[in-house]
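# Secondary and tertiary structure notes
If you want the building blocks of each chain, they are given just below.
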Amino acid sequence: MTVTDVGGHETVSADEQRVRDLTDELIEAFPPATTDARTFLGEQYDRGLAWVHFDEGFGGLGLSPRLQAVINARVAAAAGPLCMLRNPIGYGMCGPTVHAWGSDDQKRRYLRPLFTCEEIWCQLFSEPGSGSDFAGLSSRGVRDGDEWIVNGQKVWTTLAHVSRWGLLVVRTDPEAVKHAGLTAFVVDMTAPGVEVRPLRQMTGEAEFNEVYFTDTRIPHDEMLGNPGDGWRVSLTTLMNERTSIGGGIPRKGSGTIATLLDVWHKLPEDRRDAAARDAVTRLWIRAEVHRLTNIRANQNRRMGDPGPEGSIGKMESANLNKAIYEQVIDLLGAEGMLYGSYEMVRPDVALFSDSLQKGFLRSRANSIEGGTTEVMQNILGERVLGLPGDVRVDRDVPWSQVPRN
Ligand SMILES: Cc1cc2nc3c(=O)[nH]c(=O)nc-3n(C[C@H](O)[C@H](O)[C@H](O)COP(=O)(O)OP(=O)(O)OC[C@H]3O[C@@H](n4cnc5c(N)ncnc54)[C@H](O)[C@@H]3O)c2cc1C
C-alpha cells in the first residue's frame, strides 16, 4: 500500500514495490507495441500478475488483491492489453470462482487460456423464472455414471455466443431446500445439446443470449466443489461480480463523468445555464464520493473474495451511471434523440459503446445486471446494516414442494 507521511513523502510497501518492479520488467521484456496480446497476457499470467491474490503457479503471487490495481494501471499506461475488457465475465467472475472451488487440474486447465482470452467464458445462472431469486432455479442435472445429464434453459447469458466455457449452476437435488440442492459445473459450450440463441437489447445489439440444454452431458470431474455446494460456489461468483461491476477505481474525474464534462465544455455558452451547471457539479461530486468509497473498500479488503459491502459500489455505480447519461442526453437536447442504427449485431465484446446515445440506452441495464438495485438494497439492509430480513416463505420447504407456475 502507498502511504503519504506528514511531510508529503510517499512510502511504498515491500509488496507493492515488488509488484511494480515485476510489472515494469514484464513491460520492458514484452513491449505492448510490438508484442501480440496473447503472448503478453500469457507472460503476465506466468509471472503471477494476472490475479495477484491467487496462488503462485495459478496466475498470482498470494498477495493482497488491492495490488492488482497497481499492475493494471501500469499495464494500461503502457497501452498493454487488459483481459477484463475482452473476457469480462471470465476475468471478473469465472476465474475467481474456478480458483476458489476448482481442483488443481481444473485450475491448470482453465485459468491461463481464460486470462490470455484464447477461451472466453460466460455465466449461466439466470433463468426465465429465477433471476433475483436465483436459488429457486429449475434447470436439472441428473447423475449418470461418470457424467451428469443437464436439461433446462438459461437466459441473459452475456457473450455466450463467443464462449468456449460456461459456469453453470443446476438443481441436482429437488428434495432439498432451494439453496441446498444446487451444484456448479464447468460446461463446454460446444458440447452436443447446447444451443445459444441471441436476445436483442434496446441498443439494437445482442450482447446476451438464451441458452438451452437438451440432454447435455458434463463429466463428473467438471463439477466445482461437491454436489450441493452450488449456492456457496455462486456466492463467490456473485460477490466478485458486484466488485467487478461497481468496484473500479478510475483516476479522479475519469470514466463516465469525464464524458459528461466533455459534453458540457462543448456546449455553446448560452446553453450552459446555472441550473445545468449545478446538476453537472452535483454529479461530479457523486462520482468522486463513489471513487473514494471504492478506494476505502479496496483498502479494507485484505485478502480473498469481497464481502457484502461490494453491493454498495455495485448499487451506486448503477445509479450514478444512469444519472450521468441522463444528464448527457439532457445537455445534448434534440441531438440526444439521434441514433445511428438499430441493426441487430452480436458483438464479441460486452459494454462497448461508440456513441453517447448508445451509452445512454445501455446504461439502463446497469441497475438490473449483476443483481438489481432493489436486491442490493436488501443485501445492504440485512447483511451490512443488520435490519430485519425480507419475507421468505420458501426457505425451509423442499424445492419440489414450492408452488410455482
Ligand atoms: C445486460 C444484462 C446482462 C446480464 N448478463 C447475465 C449473465 O451473463 N449471466 C446471468 O446469469 N445473468 C445475467 N443477467 C441477468 C441478471 O442477473 C438478472 O436480470 C437480474 O438478476 C434480475 O433478474 P430478473 O431479470 O429475473 O428480474 P426479477 O428477479 O424477476 O425482478 C423483477 C423486479 O422485481 C424486483 N425484485 C425481485 N425480487 C425482489 C425482492 N426480494 N425485493 C425487492 N425487489 C425485488 C427486482 O429488483 C426487479 O425490479 C444479465 C442482465 C442484464 C440486464
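Data block above holds the structure.
The model shown is predicted, which means the values in this text are computed figures rather than measured ones.

## Remarks on unusual backbone geometry
For C117, which is not a glycine, the phi torsion comes out positive at approximately 70°. When you line up the elements, C117 lands in the loop between α6 (104-115) and β3 (121-124). Although it is not a glycine, L159 adopts a positive phi angle of roughly 60°. Structurally, L159 is set in the loop between β5 (147-154) and β6 (165-171).

## Concerning a nonpolar patch on the surface
Nonpolar side chains collect at one region of the surface, where V384, L385 and L387 lie side by side and expose about 280 Å² of accessible area between them. Its location among the elements puts L385 in the segment after α12 (373-384).

## Focus on the packing of helix α8 (residues 256-266) against helix α9 (residues 274-300)
Axis separation between α8 and α9 bottoms out at 10 Å; the angle between their running directions is 160°. Taken together, α8 and α9 sit at an angle that is classed as roughly antiparallel. Handedness of the crossing formed by α8 with α9: left-handed. Between α8 and α9, the contacting residues are I257, L260, L261 and W264 on the first element and A276, R277, V280, L283, W284 and A287 on the second.

## Overview of the pairing of strand β9 (residues 208-219)
Relative to β9, β5 runs antiparallel, the two being bridged by 7 bridges. Across the sheet, the residue bridging to E147 is P219, located in β9.

## Considerations on the nonpolar core
In terms of nonpolar packing, the biggest core is built from 33 residues, with Y45, W51, L111, F115, W121, V169 and L224 touching the most fellow members. Secondary structure elements with two or more residues in this core: α2 (37-46), α5 (88-101), α6, β6, β7 (182-188) and α7 (230-246). At 6 residues, the largest contribution of residues to this core is made by α5.

## Description of the pattern of salt bridges
Under the defined criterion, the tally for this structure stands at 26 salt bridges. A salt bridge links R47 to E43, with the nearest nitrogen and oxygen atoms 3.1 Å apart. Exposure remark for R47: the relative accessible area of 27% places this residue in the partly exposed category. A salt bridge links R197 to E195; its shortest N-O distance comes to 2.9 Å. Looking at E195, the relative accessible area reads 38%, which means it is partly exposed.

## Some remarks on the site of the ligand
Around the ligand, the structure places 18 residues, and the nearest of them are Q123, S132, W156, T372 and E374. Residue T158 places a side-chain N or O atom 2.8 Å away from a nitrogen atom belonging to the ligand. Take E374: an N or O atom from its side chain is 2.6 Å from an oxygen atom of the ligand. A total of 960 Å² of accessible area belongs to the ligand in isolation, and the protein chains cover 68% of it. In terms of residue class, the shell around the ligand is made up of 5 nonpolar, 9 polar and 4 charged.

## Concerning the side chain of S254
Residue placement: S254 occurs in the loop between α7 and α8. Of the residues examined, S254 reaches a relative accessible area of 18% and is grouped as buried. At a separation of 2.7 Å, a polar atom in the side chain of S254 contacts the main-chain carbonyl oxygen of R251.

## Side note on the environment of D390
Among the structural elements, D390 can be located in the segment after α12. With 11 residues separating them in the primary sequence, D390 and I379 have C-alpha atoms 9.4 Å apart. Those residues within four positions of D390 in sequence are excluded, and the remaining contacts are N378 and E382. One polar contact links D390 to N378, side chain to side chain, over a distance of 3.4 Å.

## Quick look at α8
Residues of α8 that are buried include every one of I257, L260, V263 and W264, and no others. Considered in projection along α8, the buried side chains sweep an arc of 120° and stay on one side of the axis. In α8, the exposed residues that point more than 90 degrees away from the buried face are H265 and K266. Taken together, the buried residues of α8 touch α9, α10 (310-332) and α11 (356-363).

## Focus: α5
Between the first and last C-alpha of α5 there are 19 Å, a value that for 14 residues agrees with the 20 Å anticipated at 1.5 Å per step. Along α5, the largest kink reaches about 40° and is centred on C94; proline P96 follows within four residues of it. With 13 of its 14 residues buried, α5 lies for the most part within the structure.

## So, the pairing of β7
Among the 7 residues in β7, 6 count as buried, and that is most of the element. Strand direction decides the pairing type here: β6 and β7, joined by 7 bridges, are antiparallel. Counterpart to L167 in the pairing with β7 is V186. Pairing analysis gives 2 bridges linking β7 to strand β10 (residues 223-224), with the strands arranged antiparallel. When the sheet's bridge partners are listed, F185 is paired in β10 with M223.

Cut-offs applied
- Residues numbered from 1 in each chain as written.
- Predicted model: local features only at pLDDT ≥ 70, side-chain atom pairs only at ≥ 80, totals over all residues.
- Heavy atoms only, no water.
- Helix = DSSP H or I, 4+ residues; strand = E, 2+ residues; numbered from the N terminus.
- Patch = residues over 30% accessible without salt bridge, like charges linked within 9 Å, V, L, I, M, F, W, Y side chains within 5 Å.
- Areas by Shrake-Rupley, 256 points an atom, 1.4 Å probe, with all protein chains shown as cover.
- Salt bridge = Lys/Arg side-chain N within 4 Å of Asp/Glu carboxyl O.
- Axes fitted to C-alpha atoms, helices over the stretch in contact; angles between N-to-C directions.
- Parallel < 35°, antiparallel > 145°, perpendicular 65-115°, else oblique.
- Left-handed = near helix turned anticlockwise from the far one by under 90°.
- Contact = heavy atoms within 4.5 Å.
- Pairing = 2+ DSSP bridges.
- Core = buried A, V, L, I, M, F, W, Y, C linked by side-chain atoms within 4.5 Å.
- Buried < 20%, exposed > 50% of the residue type's maximum accessible area, 1.4 Å probe, protein only.
- Near = heavy atom within 4 Å.
- Polar contact = N/O pair within 3.5 Å; in protein donor to acceptor, adjacent residues only side chain to side chain.
- Nonpolar A, V, L, I, M, F, W, Y, C, P; charged D, E, K, R; others polar.
- Arc of directions from axis to C-beta.
- Expected span 1.5 Å × (residues − 1).
- Bend = angle between axes of the 7 residues up to and from the residue.

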